[in-house]
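If you want the building blocks of each chain, they are given just below.
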Amino acid sequence: MPERTGCLPGMCRHRIPALLATLVAAVGGSSALAADGWPHYGGSLGGDRHAVPSSIGPGNIDGLSIVWTYRTGDATDGKEFEGNPSRFRATPILVGGRLVFSSGFNRVFALDPGTGEEIWTYDPEVDFAEPYSEMFTSRGVAAWYGSASGQEHCPARVFLGTLDARLIAVDAETGTLCTDFGRRGQVHLSAGVRRYREREYSVTSPPTVVGDLVIVGSSIGDNGAARLESGMVRAYDARDGSLAWSWDPVARSEDHPGAGGWANVRRNRTGGANVWSVMSADPDRDLVFLPTSSPSPDFYGGRRPGNNAFANSVVALRASTGEFKWGYQTVRHDLWDYDLAAQPLLFDHLSADGTRRPALAQATKTGFVFVLDRETGEPLHPVEERAVPVSYVPGEEAAPTQPFPKLRLHATDARPLALWDFDPEHRAACKRLSAGIRYDGIFTPPSHEGTLVYPGNPGGTNWGSMAYDRDSRIGYLTVSRWPTVVRLVPRRQFRAAEREGTVNGAVAQFTEQNGTPYGMARVDLAHEFLPCLGGPWATLVAVDLDAAEILWERPVGTTPWVDVGREAAGWGYLTKGGPMVTDGGVVFLATTYDNTLRAFDGTYGNELWSHELPAGAHSTPMAYRDRGVDYVVITAGGDLSEGEGRGDFVVAFGLDAGSR
């Protein structure tokens, strides 16, 4: 039940509107956007996170206030959830007048969008007795609308992918299973997956619905071995759950479009290159766009020689058939865990001569943004092929060059490691951590002595993705600059190193990379949660995607647990979610570690408004209009494995749509 913290006039009446009144035949068109306001995880199928309609602007945002709060119970209900490392990362969607979302434990909730009153809940009863390779999380759900006549069973369906690898169809009106889908409402995604490992193969992001197909990727524990599960993407019939098509990004035969990127196609047992993040789609062109991840394992590629197409790529498929249309690889022969974590952004590019072209912008963990023709994959701005550092690890052959687009939001050059001089303890710890490590600029390969990966795998633009104001033509994204150190450990030394558990005196993560000569150790180049390198550590950036230029950049996030001094206070801090922009030109972003939702002027970048949240937000906000009120909603879950910041909140802010 919601915890009401005040209601605007006329808001606190509970009603459940007739579901079919807001159904449309094709989710993702402009009619669907107008009907519900936020029908997809990214706002639209194009992932623009642009709230239309919304009158929230710089002139009236002071009137925005909390109107209701709902708690899922994940932080308080049942011993089976207690102590599990879940984070609440969902962005809700609107389905037939209901606000629908999933929690980190895969439970689904439907609320009245105006009051926060619970309408229904669904629990898929995932077994949490043992851990999963992926942190317990679910970024959200997807919706499908069937016949507007309402004659069929479950005319509107909510689709959920689970940690135990199920695709589930739930009736959007009642929260019960759509039993004509798959086997009693479920399809088990382990079917047809080679080398499937229970609890290592999951779904953590919402599927993508295009027409009558539900398209789903997977999340794979991909650093354990060279030979792992295939990263194939599959499409299922939204009505009966039958498999319509599947496509594997990794070439396993000469007729695969990426075969030229692999030395051993016929005997290729490489896993991964999966799509764990959110896909985008262009229904009018019958295209779905896949942001693929790294091939297995992440940090050693000696068992997968070649450029490894189409891992680390944007891939366009025919949505109705799975036919390959084009692919563009952003990182060749990945050795840094530079997955494409951000949802591709679809927009219309406007050239200097007034020519419009359907385009796609792909933000990356490297801080690079690639702008491509949506129909062909051709870059719309210059991309320079640059020589990058070589590997000295026996058996490894790093790619000699990498693509550098015009729009780069992170430093790439080699430079001496200038450690941040915070205090004596921090300086001494950072000096130990960085002793002997290699760094020759971005794309320096992992090494025996340890390599600085900068930005590290949490950095650049992650799954928070981009937002885009279709009126001002400005794109927005967060860029985190978080350094990590990766060390390759020879197999004979790995067990002893793992038992010791440290790299240069700091507690590290160790993974096997079975089937290769090396295990891996990774540690943040940080002490007491403060990076060893100076900032900025995280910024919100506004970009002109037509010209591939930065318009403004502002630090985001703070470190409330420690005074870092005047200069570093302006460097921001690592944040997990992404931005959203309203039709009124206000950009919202929730920062994770200071429990704050902030609003910025989309044109100039100045902070307009902020509000403390009851827990840290690992999510992206969304917005909609309901009964004359404009809302902004954010999920705030903190970390369920820690006492401080622990939470399971859905917080709604409201403003009368007539406000000026």
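Residues numbered from 1 in each chain as written. Predicted model: local features only at pLDDT ≥ 70, side-chain atom pairs only at ≥ 80, totals over all residues. Heavy atoms only, no water.

### Considerations on the packing of aromatic side chains
Inference 1: Applying the stated criterion across every chain, the model contains 33 aromatic pairs.
Inference 2: Ring centres of Phe159 and Phe181 lie 5.3 Å apart, and the angle between their planes is 65 degrees; this geometry places the pair in the edge-to-face category. Taken together, the positions of Phe159 in strand E9 (residues 156–161) and Phe181 in the loop between strand E10 (166–171) and strand E11 (186–188) put the pair 22 residues apart, joining distant regions of the chain.
Inference 3: Phe159 gets classed as buried once you look at its relative accessible area, which sits at 0%.
Inference 4: Residue Phe181 is classed as buried on the basis of its relative accessible area of 0%. (Phe/Tyr/Trp six-rings, centres within 6.5 Å; stacked < 30°, edge-to-face > 60°. Helix = DSSP H or I, 4+ residues; strand = E, 2+ residues; numbered from the N terminus. Buried < 20%, exposed > 50% of the residue type's maximum accessible area, 1.4 Å probe, protein only.)

### Thoughts on the pattern of salt bridges
Inference 1: According to the stated counting rule, one finds 34 salt bridges in the structure shown.
Inference 2: Linking Glu512 and Arg491 is a salt bridge whose minimum nitrogen-to-oxygen distance equals 4.0 Å. Residue Glu512 is located in the loop between strand E34 (509–511) and strand E35 (518–524), and its partner Arg491 is located in helix H3 (residues 491–500); the two are separated by 21 residues in the primary sequence.
Inference 3: Via salt bridges that share partners, Asp282, Arg285, Asp348, Arg374 and Glu375 belong to a single interconnected network. (Salt bridge = Lys/Arg side-chain N within 4 Å of Asp/Glu carboxyl O.)

### Re the nonpolar core
Inference 1: Ranked by internal contacts, the top residues of the largest apolar core, which has 57 residues, are Trp68, Phe588 and Leu597.
Inference 2: Of all hydrophobic cores here, the second largest spans 29 residues; its members include Leu335, Ile442, Phe443 and Leu488. (Core = buried A, V, L, I, M, F, W, Y, C linked by side-chain atoms within 4.5 Å.)

### What about the sheet that holds strand E27 (residues 407–408)?
The strands making up a sheet associate through hydrogen bonds between their backbones, and the pairing can be parallel or antiparallel.
Inference 1: As summarised here, the arrangement of the 4 strands in space is E22-E23-E24-E27, forming an open sheet in which the pairing is antiparallel. The sheet is open, and its two borders are formed by strand E22 (345–350) and E27, each paired with just one other strand.
Inference 2: Bridge count between strand E23 (residues 356–363) and strand E24 (residues 368–373): 5 bridges; the pairing is antiparallel. Bridge assignment links Gln362 to a residue of E24, and that residue is Phe370. (Pairing = 2+ DSSP bridges.)

### Section: the sheet that holds strand E43 (residues 607–612)
Inference 1: Strand order in the open sheet formed by 5 strands is E2-E40-E41-E42-E43, and the pairing between neighbours is mixed. Every interior strand has two partners, whereas the edge strands, strand E2 (50–51) and E43, have only one.
Inference 2: Here 2 bridges tie strand E40 (residues 580–582) to strand E41 (residues 586–591), and the two strands are oriented antiparallel to one another. Residue Val581 lies in a different strand from E41, and its bridge partner there is Val587.

### Looking at the state of the cysteines
Inference 1: Under the defined criterion, the tally for this structure stands at 2 disulfides.
Inference 2: Disulfide partner of Cys154: Cys178, at an S-S distance of 2.3 Å. Here the S-S torsion is close to -110 degrees, and the disulfide linking Cys154 with Cys178 is therefore left-handed. Of this pair, Cys154 sits in the loop between strand E8 (142–145) and E9 while Cys178 sits in the loop between E10 and E11, placing them 24 residues apart in sequence.
Inference 3: Disulfide partner of Cys430: Cys532, at an S-S distance of 2.1 Å. Given an S-S torsion of about -80 degrees, the disulfide between Cys430 and Cys532 has left-handed geometry. Highlighted residues: Cys430 in helix H2 (residues 424–434) and Cys532 in the loop between strand E37 (530–531) and strand E38 (538–544), separated in sequence by 102 residues. (Disulfide = S-S within 2.5 Å.)

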